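Commentary on secondary and tertiary structure
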Amino acid sequence: MLFEAVARPEGSFQQPVGADAIAAMCRRVLGNAVEVRSATELGWGSYNSTFRVELVHGPALVLRVAPQAGSQLRSERHWMRSEYAAAPWLVGLGSLVPRVVGADFTHQVIDRDYLVQTLLVGTPAPELMSGYSRSLWPGLFAQLGEISRRIHEVPGETWGPVSAPVHGSWSGAVLTSLAERAADLMSMSAPSQDVKDFALIVEASRSQLDQIARPALLHGDLWTANVLLEPTASRPTVIGVLDSERAWWGDPLADWALYRANARAVEAERDAFWAAYGPLPLDGEACWRLRVYQGWHLAAERVEAARHHHHDTVERTLRDLGDVIQALR
């Protein structure tokens, strides 16, 4: 078996997965007769470990391995199980999303969750976008808007992470998430008091969140880093949507793609997203919720930045969350 792993410094969050373990995981999911010809780790993403696996017989597949349970923070518990649970709900995207071939959460082969997916052949958008004229970029954001709208058209019944939507109200899901993020920041000795202050402001007006009558499916991490493009197309063309481990049931306005679209500095790119998605509500209640979701995402960004020691991002989120708190008071 040919094996190629990404070289990382000792102590990195993404821990190594050996060739023997990869072969054992594939046999567990695909059958004892399966032979792995090669496994190549893909450098995409900073959470799960992802490998392109070539079999002696059969199509190439993707193996995704979650971090060990002890390495997962409160706010990211069992993310891979949400990715697995979200697959049937994303089926309306057709060939844009990989299909789950099998998964194993027993920890009997390796002490980590893992799943096997079909391989989508494409190139991550960040690797291709600089090769296109900026005048063509709005077309990509229009596709992201259209894909987001299709995802949000899927209705749910309760609130929270797709793997365990245990909350009876949307406000309960949001406030629990904020408490978990504050606790995660405290565990890493990162600033957390403003997240707690923000949560108190949200709790005081939680009835505004609970005016959302029914949850919708949220991808949770849809943006340029998690889409594949057709490498030979004359304009940016999305052919793959990846990494749905942050999938939630909630208010569509809370989804990551909408947050990123609003923050887009280039007006044509921002407008292209909203033209495809549909008009952004501008009434007072919607604007209040959008501000709350901005703070919610800033807390999540800080957790990620603290884990990877990105101190500039931590400082930025402190400034930006301070602005959100001031606007909500």
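In what follows, the structure referred to is the one given above.
Described in the following lines is the structure provided in the data block. The model shown is predicted, which means the values in this text are computed figures rather than measured ones. (Residues numbered from 1 in each chain as written. Predicted model: local features only at pLDDT ≥ 70, side-chain atom pairs only at ≥ 80, totals over all residues. Heavy atoms only, no water.)

We now examine the nonpolar core. Counting residues in hydrophobic clusters, the biggest one holds 70 residues, and the most contacted among them are Trp170, Leu178, Phe198 and Phe273. With 10 residues, helix α10 (residues 284-307) is the largest single contributor of residues to this core. Once residues lying within four places of it in the same chain are set aside, the contact partners of Phe273 are Phe141, Ala142, Leu144, Gly145, Ser148, Trp223, Ala257, Leu258 and Ala261. In terms of nonpolar packing, the next biggest core, distinct from the first, is built from 15 residues, Ile22, Val36, Val53 and Leu61 among them. (Core = buried A, V, L, I, M, F, W, Y, C linked by side-chain atoms within 4.5 Å. Buried < 20%, exposed > 50% of the residue type's maximum accessible area, 1.4 Å probe, protein only. Helix = DSSP H or I, 4+ residues; strand = E, 2+ residues; numbered from the N terminus. Contact = heavy atoms within 4.5 Å.)

Among the 5 residues that make up strand β4 (residues 61-65), 5 are buried, leaving the element largely enclosed by the rest of the structure. Of the two faces of β4, the one lined by Leu61, Leu63 and Val65 and the one lined by Val62 and Arg64 are each fully buried. Between strand β3 (residues 49-55) and β4, which pair antiparallel and follow one another directly, the connecting turn spans 5 residues, one of which, Gly58, has a positive phi of 120°. (Pairing = 2+ DSSP bridges.)

Right, let's talk about the sheet that holds β4 for a bit. In any sheet, the strands associate via hydrogen bonds between backbone groups, in a parallel or an antiparallel arrangement. Spatial ordering of the open sheet is given by β1-β2-β3-β4-β6-β5, a layout of 6 strands whose pairing is mixed. For this open sheet the edge positions go to β1 (2-4) and β5 (100-104), each flanked by a neighbour on one side alone. Across the sheet, the mean angle from the axis of one strand to that of its neighbour is 20°, orientation sign disregarded. When β4 meets strand β6 (residues 114-118), the two strands line up antiparallel, connected through 5 bridges. Of the residues in β6, the one forming a bridge with Arg64 is Leu115. Relative to β6, helix α2 (residues 79-86) is tilted by about 35°, and along the sheet it contacts β4, β5 and β6. (Axes fitted to C-alpha atoms, helices over the stretch in contact; angles between N-to-C directions.)

With 18 residues, helix α11 (residues 311-328) extends 26 Å between its outermost C-alpha atoms, agreeing within 8% with the 26 Å of an ideal straight helix rising 1.5 Å per residue. Every buried residue of α11 is listed here: Val314, Thr317, Leu321, Val324, Ile325 and Leu328. Viewed end-on, α11 has its buried residues packed into an arc of 95°, placing them on one side of the element. Across α11 from its buried face, at more than 90 degrees, point the exposed residues Asp312, Arg319, Asp323 and Gln326. Buried residues along α11 sit against α6 (193-204) and α10. (Expected span 1.5 Å × (residues − 1). Arc of directions from axis to C-beta.)

For the rest of this paragraph, the subject is the packing of α6 against α10. One can describe the packing of α6 onto α10 by two numbers: an axis separation of 11 Å at closest approach and a directional angle of 155°. When the axis of α6 is compared with that of α10, the two are roughly antiparallel. Remark: the crossing between α6 and α10 carries left-handed chirality. Facing Asp194, Val195, Phe198 and Val202 of α6, the residues of α10 in contact are Val292, Gly295, Trp296, Ala299 and Arg302. Among the residues forming the contact of α6 with α10, the class breakdown is 6 nonpolar, 1 polar and 2 charged. (Parallel < 35°, antiparallel > 145°, perpendicular 65-115°, else oblique. Left-handed = near helix turned anticlockwise from the far one by under 90°. Nonpolar A, V, L, I, M, F, W, Y, C, P; charged D, E, K, R; others polar.)

What follows is about the sheet that holds strand β9 (residues 216-218). Judged by pairing direction, the sheet is antiparallel, and its 3 strands sit side by side in the order β8-β12-β9 without closing on themselves. Looking along the sheet, the strands with just one partner apiece sit at the ends: β8 (160-161) and β9. Taken together, the 2 bridges between β8 and strand β12 (residues 248-250) define a ladder with antiparallel strand orientation. Bridge assignment links Pro161 to a residue of β12, and that residue is Trp248. Contacting β8 and β12, helix α5 (residues 170-187) runs over the sheet at an angle of about 130° to β12.

Another point: the pattern of salt bridges. Tallied over the full model, the rule gives 21 salt bridges. The salt bridge partner of Arg52 is Glu54, with a shortest N-O separation of 2.7 Å. On the basis of relative accessible area, Arg52 is assigned to the partly exposed category, the value being 33%. Judged by relative accessible area, which is 25%, Glu54 ranks as partly exposed. (Salt bridge = Lys/Arg side-chain N within 4 Å of Asp/Glu carboxyl O.)

Where two aromatic rings form a pair, the distance of their centres and the angle of their planes describe that pair. Following the criterion strictly, the structure yields 17 aromatic pairs and no others. Taken together, a centroid distance of 5.6 Å and an interplanar angle of 85° make the contact between Tyr84 and Phe105 edge-to-face. A residue pair is termed long-range when its members are at least 10 positions apart, and Tyr84 in helix α2 and Phe105 in the loop between β5 and β6 qualify at 21 residues. Its relative accessible area of 40% is what places Tyr84 among the partly exposed residues. (Phe/Tyr/Trp six-rings, centres within 6.5 Å; stacked < 30°, edge-to-face > 60°.)

Nothing here speaks to function; it is geometry throughout.
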